[in-house]
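Here is how the chains run, residue by residue.
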Amino acid sequence: MKDQLESLIGMMVERGILLEEAVGEFEKKFIKRVLDRSDGNQSRAARVLGIHRNTLSRKLDEYRLDHRPGHRG
């Protein structure tokens, strides 16, 4: 996994992707994956992510992620 991450970072740097954009995309996809695995349960997802439930709610709004329970689209 470390090699894959190094490769991905190399590609992003080569393409001129800014740190803020890279971190935002990573966070968005990470949150979406955990929320999907938690069947849309935000309290459970927040626990898995190690953040407060209100922080997760704010990030869902910020990233415009659909956070209806059980919705996977």
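Criteria and thresholds
Residues numbered from 1 in each chain as written. Predicted model: local features only at pLDDT ≥ 70, side-chain atom pairs only at ≥ 80, totals over all residues. Heavy atoms only, no water. Helix = DSSP H or I, 4+ residues; strand = E, 2+ residues; numbered from the N terminus. Contact = heavy atoms within 4.5 Å. Areas by Shrake-Rupley, 256 points an atom, 1.4 Å probe, with all protein chains shown as cover. Lys, Arg positive; Asp, Glu negative; His and termini not counted. Charge placed at Lys NZ, Arg CZ, Asp CG, Glu CD. Salt bridge = Lys/Arg side-chain N within 4 Å of Asp/Glu carboxyl O. Buried < 20%, exposed > 50% of the residue type's maximum accessible area, 1.4 Å probe, protein only.

A.B. asks: Provide a residue-level description of the overall build of the protein chain, including the pertinent values.
C.D. replies: Scanning the protein chain from terminus to terminus reveals four helices and zero strands. Overall, the protein chain shows an N-to-C arrangement of helices and strands of α-α-α-α. Expressed along its principal axes, the backbone C-alpha trace of the protein chain runs to roughly 40 × 25 × 25 Å. Sequence-distant contacts, at least 24 apart, represent 51% of the contacts inside the protein chain between residues at least 6 apart. When the accessible surface of the protein chain is totalled, it reaches about 5900 Å², and 53% of it is carbon and sulfur. Within the protein chain, the 12 negative side-chain charges are centred at a point lying 7 Å from the centre of the 15 positive side-chain charges.

A.B. asks: So what's going on with the pattern of salt bridges? Which residues, and what values?
C.D. replies: If you walk through the whole model with that rule in mind, you get four salt bridges. With a shortest N-O distance of 3.8 Å, K29 and E25 are connected by a salt bridge. Taken together, the residues span about one helical turn, with K29 and E25 both in helix α2 (residues 19–37) at a distance of four residues. E25 gets classed as partly exposed once you look at its relative accessible area, which sits at 37%. One salt bridge in this structure joins K59 and E27, with 2.8 Å as the shortest N-O distance. You can see K59 sitting in helix α4 (residues 53–62) and its partner E27 sitting in helix α2, a full 32 residues away along the chain. With relative accessibility at 24%, the residue E27 sits in the partly exposed group.

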